[in-house]
Every structure is written in C-alpha cells, then in structure tokens.
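# Architecture at a glance
Listed below are the residues making up each chain.
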Amino acid sequence: MKKYAVLVLSGILLFSLFLIVGCRSDGKEKLAEMQIRDSTIIDREYHLEATMLGYFAKDGTRNPTLYANKGDRVRINITNGETMTHDIALEKIGVKSETLLEKGSTTKITFWAENDDTYYCTVPGHRAAGMVGKFEIVEGDLSTQVIAGIVPFKNGKPLNLGFERGNLSDWKAEGEAFKKPLFNRLSTVYDTDEQIGFDGDFFLSSGGTTNYKLKGTLTSVPFEVTHPFASFKVSGGALADTRVEIVESDTENVIFKSTGQGRATLQPVVVDLRDYLKKNIFIRIIDNESGTSPIPYIRDDKWAHINFDDFLFYPERPNFPNELYQKDIIVLPPLDPVLNSGLSGKEAAKAMTLPKDFKITLAAAEPDVVRPISFTIDARGRLWVVEGHTYPVPAEEGKGKDRILIFEDTNGDGTLDKRKVFIEGLNMASGIEVGMGGVWVGAAPYLMFIPIDEDSDKPAGPPEILLDGWGLHDTHEVLNNLRWGPDGWLYGVHGIFTHSNVGKPGSTDDQRTKLNAGVWRYHPTKHEFELYSEGTSNPWGIDFNDYGHPFITVCVIPHMYHVIQGARYQRQGRSSHFNPYTYDDIKTIADHVHYLGDRGPHAGNFRSAAAGGGHAHAGAMIYLGGNTWPQEYHNTIFMNNINGSKLNNDKLWRSGSGYKASHKKDFLDMNDSWSQWLNFKYDPSGSVFAIDWYDQNQCHSKNPDVHDKTLGRIFKITHKDDKWVKVDLSKASDLELVEYQLNENEWYVRIARTILQERGPNPKVHEALKEILIENPDVTRKLRALWTLHVTNGLNENDLNGLLQDSNEYIRSWAIQLLCENKKVSPQTLKLFDAMAENDDSPLVRLYLTSGMQRLELTNRWVVLETLMKKSEDVDDHNIPLMLWYAFEPLVALDTERALKIAEQTKIPQILNYTIRRIGDINTGETKKTLTNLKGRLNKNATSEKGAAIILIDSILKE
C-alpha cells in the first residue's frame, strides 16, 4: 500500500511539473531538454592506483584517458599505491577528493559528465611529476575494437612467440634467469593480488618479484617481417637493463626496445616495421639487473626483471585501450658497479683513481681515528678532528662520548704520526673551528667555546656555552661545518628537518632566532648571532671564493647555491619559510644535477656514476691553495658525492649579479661503496686533507646499530709540485701577518687574518693594509686588505664611503656590506646609496644594495628600493627581483599607498603581483578599497601584465 502511494505521489509531481513547464511560452523546448537525473546511479566507474609516477588503471595504463557519454554520472575511485599524500581532482569543475596518506587507502570523486576536463593530483609538485590525465566526452559506444594479430611463421610453421607450447622451442636461453621462465595462472612469482593480464596458458618472466636477482638473455630464432606492424606484451622493471629488443638480423642493429614500467600487468607495445618488410629480425629479451641494493637500508628492487608474451604481426597499426607508450615509461639507468667495499685504509687509498700528477696517501686510520665527523687546520698546520661516537642518538647530559683529537705530520711524509687527545666527553659534536684563543664546537643543543692552553694542547678551562636552543630533531641535520668568514664572523650551516630556536643561555623566546635550513653566523667578540640566509635542504659544506662570496653544497634538491646575505632559497619538501609573504624563493645556480633518470633524486642514487654519482653531497672546498695545483682547479668547488663515492668538481662563473655552476669532470673516484668523505681542506703546502666516515651504511638512520662504530680514515691528496712546509703562524709578527695577505695560498691569508683579528687594532698594521688596498693592482689582494682592516677595526664610515666610488665592482659591493654591518648608516651614506642605485652599472653592486636594505630601518629603504625597481636590466637576473621583494615587503604594511605607487611603476613584473598579494593578506576594508581603486587604474591602460594583476585582484576580492 505504501509503495503504491509513493508511486502515485511521484506521478502527480511529474504531471504537475509537466503542466508548469508546458504553460511557459518556451515550455516545449524546455521539456525536450529536461532530464530527471538520479544521483544514486553510476553510469561510468573507473578504478585507478595513485603513485608519484601517475595514476594507473587495472590494465596497467598510466594516466589513462577516461571516457564517458555526456550526461553520465561518473565515479573515479583511487587507491593509494604508496605511503605518500595523494588525491584526485577535476580541474574545470573543481571537484576534489579527500586526501590519502596510507598505502591501500581509498577515496573517490563523483560528478556529472558535461565537458572535457583534466584529472590530476592537487598536492604541490605531484601534477608536474606526472599525476595528470584527460577526461573526455564521446558519443555512442565507448568500447574499443581490436583487430586480430598474425603469428609469425618460419619454414612454413608458426613460431613459438607466445609460449603456448609450454617450452622454449624457437628460443635460446643464456644465464640463470631464463632456465625455467614460463609461468601460468597458478604461479607464485607475484603477489596474489597482482594482475598479469596474459592470454592463453603461459607467459614468460625472468623471475617476477620472487627470483628477480637472476640475470640472463633469451634470444629468438630469426624470422621474416611479413607485415608492417607488430606488437608484443611487456611488463616488469622500468630499468635500462630489463628490456625487450627487436634486432635486425643482418646488421644486428637494435631497431626497437622497450622496458616495462615497474608493474606486473602485461601491456601491448606497438612496433612500426614498415622500413623492415621482407627483412629478418629476431627478438632479444634481456635481464642484466640483479636488483640487489648495495646499501643495507635500501630495499632490493623486486621489479628487476622482465615479462613478455605474444609477439604478433598486423596489416595496419593496431590500437589497444591499454597500449604502453614509450613516453609513459620512466626508465632508470643501470646500477653502478661496486668495485670495492670494506677495504683497509691502505687498500682504500690504492683503489682510488685521481688525475695525472696527483697521488693520495693514507694519513691516519682506525684505531687512531674513528668516525671523524668534522675537522679544521690550525696555525701550525695540525688537524683538529672531531670523532662523533655519540651519533646518531644524543647521550644523556654529561655522558657524551665524542672527542677532539689533534694530529700532526712531523716529517712531511704524508702520515699523521703525532696524535693527542684535546678533550673527551662531548655530546653530538658536529662542527669545529679553531682561532680567537680557543676551539669553537657545534654540539647541539649548544655552540661552545673551549679556551686552549697552548703549552699543553689541553683546555684552559671548561667549555663555555655561547648559544643554546640548537635542535636535535634530525641528528644528521644539526649545526655543522664551522668556518671563519672573511668578515671575521664564524659561519655554519644547518639542516631543514631540525628546528632550532637559538639564543644566549637564559634568553626568552622573543630574544631567540628560529631557524631550520640555512646559513648562520656568530661574531666572536661582539657575541652576536644572525641567520645569514634561509632555505635549501641539508647543507653540509660552506666555503668562500676569492671574492669572499660564500657557497654551500646540499642534498636531495639541486646541490649548489651562491649564498647572499638576507636571501631565501628553495626548500626541500613542502616546508615553509618563516616569513609567510616570501611567495617565491631563489633557486640553484647549478645548470646540472649529479644524478640520472627522471624519477627524482633518490631513485638516481647508485645509478648515476656518469652524472656524478647521486644527489647526496658533503663538504665544500673552493680550491685556493696556491700555484702548485693546475689553474683549472682554482676557484672551482669540490664536494663529495656520498652515494657515488666521487669527489665532484663544479666550475663557478659569474652571471648577472651572481654565479652559475657547471659540472666539470669528477676529480676523484674512491671506487669504494663504503667511502664517505665528509669534508676536505687545503693546508700550508697546498695539499688537501680529507676525513672519511668509512661506513657500509651511507645515509642517516636513527638506529645506531646500522652504523659501523670502529672505522675512520684521513687521506691526503698531493700534486707532484706540492712542497711540504713546517709553519707556525702564531709566532709571526703583526707585519709578517700583513704580508701573508699577499700569499698565493689562501690558507695563510685566512689564518693570518684571524690571528690579527684576535690581536686587535694596530696602527702599523692598518697603515700597511691600506697601502695594499690602495696600490695593489689585484682586486683579490685589495679585498684581503679590506677584510683584514675591517676585522681589526681599521676602517671608519668615511673610509668605506670613499670606497663606494672605487672603480672595481667587488670593492664597491663589499663597502656596501660592511657599511650595513651594524644595521644603521648615516644620512650621508644613505645619499651615496641613493646615487649608486641610480647610476651604478654593476648588477653585483645593485645586489649588495638590495641585500643591505634588508638590514636598515624600514624608513631608510624607500628611495633606494624605488630606484632599483626601475632597472629593467635586472628583470631576468637570478637574484635581484626576489631580493628586492624581500627588502620591500615590510614596507607594504608600513605604508600601503606609497608601496603600491612604487609597485605600479616597477620594471620588475612580479613586484606588482607580490604587492597586490601582500595587500590582500592584510585583508581589511581599507585594503580592499585600495585594490578596487588599483583595478580601476589598471583597466584604463591594460596590458598583458596588468591583465594578470587584474585577475589576481579579482580573485582576492572574491575571497
């Protein structure tokens, strides 16, 4: 009875609707268009697996085009194929699913099919990585017709190219992988939920995920090409050494090849054979991949195999709904050969490959040195080495196991034959520098100073905690690589996944500095701490070139950055800058990466010898060690490639306001997978010492048991022209130390400058340095004099103002930085800055002006920044546009109308858009009125750039 009543009521409602529509003048047309839609019915449903490589259909298709008839109710389901954040969305209609994280979790979108669209993952970077496909509206039947293939014949008999005879007749097997390669539906070479998708009773595999380590080759008999097209089915690893090749018999040229795409499901591949009709070909199935990882914490690649089935000819090109296109396969290169591992120190040195006229010697090894994590070289040429026994788990307060050793070569034979223990009981020590009366140690959560008793080489007192609050969240990304800068500050670097809040002991939160990835500095006498620049990933090396410009080497993201004071750099992952109005950051200066393949930096590790070895780098040395090494290495930067066991070498060259870095031939091959050089520095002879944290495990782990606790080495690289010298610069007179500023070996320059800084002001020193600054024709020598004058308090504002007029851009730019050091300048200096902004033709000088503005009071920035923003020549500069924004952004909130007026006149396009966004972020009635008025002004003289600004304003006002 109830069911009947519902039907009657439904009929009445439909009839009433008909009457209402029919009474309208256009009712007949509306009735014809009207459809009653039932949202509970799904007309078309798709199931996809979501991974960073793309969305995969059950038949193996990557990012398949999804079809529907107009008006269909469509549902797209996705299952997360990995433990990573994914979702799915339609671009035009804006529907979006929930976000997945766990492997195997599912979500969906449901919508009415009205127009063509694009489906994609909204997680930043995932669409660009390949998670995107098409949704298309079609008319009529959605099914695809596939034409039948033709089995190749030889000598009048069909060939066994589909393996339905259950054997390998017509094939020749070599190696282990194809001894028993035929499998049926009951085979256990894959997990039970994997869909192979083969026809008939058998398919061929070189091992599946069960016997993936096996290698071998399977070759068919030659046969004639009788039709213009062919296809075969393939799956398995997307690896260079797991592939199917079609080979012309007469020439043995490979005319076609295909890998799988890292999945089990067999997919058809189409081969164009029109140029080979009537010729003989053969099929070669290759598996030269063992999949075995050389690193214990990285799992084997179980896709290191190849699957094959059903080679067929076709009279015309066949079309398959799940065809595997070569453009969709992201192939990994072959594994690098592991030539050696677990060698003794002497054997490791013998195994290394160096350029002509260089040699390497073992300077020290276990048990004399174990787990060397950082080192420096003192004024006597001795090595101060930190042993990191506590890593990776911090010990309880007072129970640290780290220590500092002092090594010395007493006779110049390359062996560090004298060894002392300076201090023991440190905890999580990770960086060291000597000078200014003591040892400076980074040992999170502390930056410490340990005074030295020079007579005994022992501490002259207990460690003094200068700063605390250094994080330990990720203990391989703590503060590290301490190094004196040319300006007299102690510099260091810090990783992204450790979060620090640094200040003097007892400081309140508002007196501290928050940092994760970045370059920091600490002044040894003023006891001031600063974040010098922000961003990158896990830098583990910093050095300065001949012009005092710092560079850092990093991991995972592109590896090379020219560090500018106040800059914000690309950050690993999706971490945010501390300033939410950054909007964009400065990218790498490298024109290359040190890994191969298109699957990202981690996938390229252990497969990238030809490109430099992989994405992980440690150490940074810009070689300035004198004239004995060939000139080609001077002012180039060296870094160790941890996964590749190579010493990479990049050329640094000026470009605009900054630099570019290009890959030179790798300097040294360790040829040893356990080798892990963490840093290297040149000494008084121009030779280079390197510390090696020798360990089978090549990456950080919180589990201390995966790291070896007994190994460590120090090596020395020498050129045939290097001459060992015994020195002690601490005994030199002040004027002798001034003379060392002219030495060809930068080691003397830096040590002498630090000693003079420690000794303090001296009029005779200042006089001698000013003579070099004025008269020496070499700008690098002028700069050395300038820096040493600065650290010894030998310059005043008038001196530096005079240098603003110097003919050399490096002198002018450094004068700007030193004038802004104390974060305030006189009105006279500010006027000179204004004039330089207007007239200086050097992009380097304009960069230093822009950087300097960030250090000045907001009210002193306006004129210089307004002038610099009118420089059209800086539009495409690598650094200046964003550095201008970082300096200008606080002014927007200070005086919105004035800032907007400047932004409207700028020649730097992004400044206007950023200013609009910043005003929008203030989000008051007054700022909305300001943006509305701006839109009116832009509409009067519309251009493409102003059009983009108008669209941006509209989007902000709608929120």
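Residues numbered from 1 in each chain as written. Predicted model: local features only at pLDDT ≥ 70, side-chain atom pairs only at ≥ 80, totals over all residues. Heavy atoms only, no water.

### Observations regarding the overall build of the chain
- When you go through the chain residue by residue, the secondary structure sums to 18 helices and 49 strands.
- Taking the principal axes of its C-alpha atoms as reference, the chain extends roughly 105 × 80 × 60 Å.
- Counting only residues that meet the buried cut, the chain has 55% of its 959 residues in that class.
- Here the contacts in the chain between residues at least 6 apart in sequence split such that 66% fall between residues at least 24 apart.
- Accessible surface, the chain: about 41,200 Å² in total, of which carbon and sulfur atoms supply 50%.
- Once the 109 positive and 129 negative side-chain charges of the chain are each reduced to a mean point, those two points are 2 Å apart. (Helix = DSSP H or I, 4+ residues; strand = E, 2+ residues; numbered from the N terminus. Buried < 20%, exposed > 50% of the residue type's maximum accessible area, 1.4 Å probe, protein only. Contact = heavy atoms within 4.5 Å. Areas by Shrake-Rupley, 256 points an atom, 1.4 Å probe, with all protein chains shown as cover. Lys, Arg positive; Asp, Glu negative; His and termini not counted. Charge placed at Lys NZ, Arg CZ, Asp CG, Glu CD.)

### Some words on the pattern of salt bridges
- In this structure the tally under the stated criterion is 57 salt bridges.
- A salt bridge links glutamate 904 to arginine 937, with the nearest nitrogen and oxygen atoms 2.7 Å apart. Of this pair, glutamate 904 sits in helix α15 (residues 896-905) while arginine 937 sits in helix α17 (residues 925-940), and the two are 33 residues apart along the sequence.
- Taking the relative accessible area as the measure of exposure, glutamate 904 reaches 27% and is therefore partly exposed.
- Beyond isolated ion pairs, a larger network of salt bridges with shared partners links Asp487, Arg521, Glu530, Glu821, Lys823 and Arg855. (Salt bridge = Lys/Arg side-chain N within 4 Å of Asp/Glu carboxyl O.)

### A few points about the environment of arginine 75
- Mapped onto the elements, arginine 75 comes out in strand β4 (residues 73-80).
- Arginine 75 sits 771 residues away from arginine 846 along the chain, and the two C-alpha atoms are 56 Å apart.
- What arginine 75 contacts, discounting residues up to four positions off in sequence, is Ile42, Arg44, Glu45, Tyr46, Lys108, Ile109 and Thr110.

### Looking at the nonpolar core
- Residues Ile404, Trp677, Ile714, Ile717, Phe833 and Phe888 are the most contacted members of the largest nonpolar core, which totals 173 residues.
- Per-element accounting of this core gives the leading share, ten residues, to helix α14 (residues 880-894).
- With residues up to four places along the chain from it excluded, the contact list for isoleucine 714 reads Thr361, Leu362, Ala363, Ala364, Val369, Leu383, Val385, Phe407, Leu416, Phe689, Ala690 and Ile691.
- If you look at the next biggest cluster of nonpolar residues, it comprises 30 residues, including Phe163, Leu182, Val269 and Leu324. (Core = buried A, V, L, I, M, F, W, Y, C linked by side-chain atoms within 4.5 Å.)

### A few points about the sheet that holds strand β12 (residues 182-183)
- Read from one edge to the other, the open sheet built from five strands follows the order β12-β13-β21-β16-β19, with strand pairing classed as antiparallel. Two strands lie at the open edges of the sheet, namely β12 and β19 (263-272), each paired on one side alone.
- Relative to strand β13 (residues 203-205), β12 runs antiparallel, the two sharing two bridges. Note that in β13 the partner of leucine 182 across the bridge is leucine 204. (Pairing = 2+ DSSP bridges.)

### Quick look at the sheet that holds strand β2 (residues 54-57)
- In space, the four strands of this open sheet follow the order β2-β1-β4-β6, with mixed pairing throughout. Each having just a single partner strand, β2 and β6 (106-112) make up the two edges of the open sheet. Across this sheet, the average inter-strand angle for adjacent strands is 30 degrees, counted without regard to direction.
- Pairing of β4 with β6 involves seven bridges; the strand directions are antiparallel. Across the sheet, the residue bridging to asparagine 77 is lysine 108, located in β6. (Axes fitted to C-alpha atoms, helices over the stretch in contact; angles between N-to-C directions.)

### Digging into helix α12 (residues 843-853)
- Counted residue by residue, α12 has ten buried out of eleven residues, so it is predominantly covered.
- For α12, the set of buried residues is Leu844, Val845, Arg846, Leu847, Tyr848, Leu849, Thr850, Ser851, Gly852 and Met853.
- On the buried face of α12, the contacting elements are β44 (646-655), α10 (809-819), α11 (827-839), α13 (862-868) and α14.
- You can read the cap of α12 off the contacts: a side-chain oxygen lies 3.2 Å from the backbone nitrogen of leucine 844, and it is on serine 842. (Polar contact = N/O pair within 3.5 Å; in protein donor to acceptor, adjacent residues only side chain to side chain.)

### A short note on the pairing of β4
- Taking burial as the measure, the eight residues of β4 include six buried ones, the bulk of the element.
- Pairing of strand β1 (residues 44-51) with β4 involves seven bridges; the strand directions are parallel. Bridge pairing in β4 places glutamate 45 opposite arginine 75.

### Thoughts on the pairing of strand β7 (residues 117-120)
- Burial of the side chains of β7 extends over both faces: Asp117 and Tyr119 are buried on one face and Thr118 and Tyr120 on the other.
- Sheet analysis places strand β5 (residues 89-90) next to β7, joined by two bridges and oriented antiparallel. Residue pairing for β7: alanine 89 is matched across the bridge by tyrosine 120.
- When β7 meets strand β8 (residues 132-138), the two strands line up antiparallel, connected through four bridges. Among the inter-strand pairings, aspartate 117 is bridged to a residue of β8, identified as phenylalanine 135.

### A closer look at the confidence of the model for the chain
- Averaged over the chain, the pLDDT score is 92; the fraction of residues at 70 or greater is 95%.
- Considering only residues more than four positions removed or in separate chains, one finds that residues 1-35, a stretch of pLDDT under 50, has seven contacts. (pLDDT = per-residue confidence, 0-100.)

### Digging into a negative patch on the surface
- Together, Asp453, Glu454, Asp455 and Glu758 line one region of the surface with negative charge.
- Along the polypeptide, aspartate 453 turns up in strand β29 (residues 446-453). (Patch = residues over 30% accessible without salt bridge, like charges linked within 9 Å, V, L, I, M, F, W, Y side chains within 5 Å.)

### Digging into unusual backbone geometry
- Each neighbour pair has its own omega, and for glutamate 366 with proline 367 the value is 10 degrees, a cis peptide bond.
- A cis amide bond, omega 15 degrees, links alanine 444 with the succeeding residue proline 445.
- By secondary structure assignment, the location of proline 445 is in the loop between β28 (438-443) and β29.
- Within the chain, aspartate 357 stands out as a residue other than glycine whose phi angle is a positive 75 degrees.

### Some words on helix α16 (residues 909-922)
- Burial in α16 covers these residues: Ile911, Leu912, Tyr914, Thr915, Ile916, Arg918, Ile919 and Gly920.
- In this structure, the buried residues of α16 make contact with α14, α15, α17 and α18 (944-958).

### What about the packing of aromatic side chains?
- Scanning the entire structure with this criterion turns up 49 aromatic pairs.
- Seen in terms of ring centroids, phenylalanine 111 and phenylalanine 135 are 5.2 Å apart; in terms of plane orientation they differ by 80 degrees. Their pairing is edge-to-face. Pair noted here: phenylalanine 111 is in strand β6 and phenylalanine 135 is in strand β8, with a separation of 24 residues, a long-range link.
- With relative accessibility at 4%, the residue phenylalanine 111 sits in the buried group.
- Ring geometry for tyrosine 190 and tryptophan 303: centres 5.9 Å apart, planes at 35 degrees, overall tilted. Of this pair, tyrosine 190 sits in the loop between β12 and β13 while tryptophan 303 sits in the loop between β20 (280-287) and β21 (306-314); the two residues are 113 residues apart in sequence, bridging distant segments of the chain.
- When its relative accessible area of 22% is taken as the criterion, tryptophan 303 is described as partly exposed.
- Taken together, the ring pairs connect Phe358, Tyr623, Trp629, Tyr633, Phe638, Phe667 and Tyr682 into an aromatic cluster.
- If you follow lysine 327 out to its NZ or CZ, it ends over the ring of tyrosine 325, 5.4 Å from the centre. (Phe/Tyr/Trp six-rings, centres within 6.5 Å; stacked < 30°, edge-to-face > 60°. Lys NZ or Arg CZ within 6 Å of the ring centre and 35° of its normal.)

### Regarding the packing of α10 against α11
- One can describe the packing of α10 onto α11 by two numbers: an axis separation of 12 Å at closest approach and a directional angle of 145 degrees. Between α10 and α11 the crossing geometry is left-handed. Residues Arg812, Ile816 and Leu819 of α10 lie in contact with α11, whose contacting residues are Thr829, Phe833 and Met836.
- Class assignment of the residues belonging to the contact of α10 with α11 gives a composition of four nonpolar, one polar and one charged. (Left-handed = near helix turned anticlockwise from the far one by under 90°. Nonpolar A, V, L, I, M, F, W, Y, C, P; charged D, E, K, R; others polar.)

### Examining the packing of α12 against α14
- Packing of α12 against α14 brings their axes to within 8 Å, and their N-to-C directions diverge by 20 degrees. Judged by the inter-axis angle, α12 sits roughly parallel to α14. The handedness of the crossing between α12 and α14 comes out as left-handed. Residues Pro843, Arg846, Leu847, Thr850, Ser851 and Met853 of α12 lie in contact with α14, whose contacting residues are Ile880, Met883, Leu884 and Ala887.
- Each residue belonging to the contact of α12 with α14 can be placed in one class, and the counts come to seven nonpolar, two polar and one charged. (Parallel < 35°, antiparallel > 145°, perpendicular 65-115°, else oblique.)

### A look at the environment of glutamate 775
- As for its position among the elements, glutamate 775 is in helix α7 (residues 763-775).
- Relative accessible area serves as the criterion here: at 58%, glutamate 775 is assigned to the exposed category.
- Along the chain, glutamate 775 and phenylalanine 689 lie 86 residues apart, while their C-alpha atoms are 35 Å from each other.

### Observations regarding the side chain of aspartate 487
- In this fold, aspartate 487 is placed in the loop between β32 (480-484) and β33 (490-494).
- Residue classification places aspartate 487 among the buried residues on the basis of a relative accessible area of 1%.
- Side-chain polar atoms of aspartate 487 contact the side chain of arginine 521, separated by 2.9 Å.
- Every residue in contact with aspartate 487, bar those within four places of it in the chain, is listed here: Arg521, His790, Val791 and Gln817.

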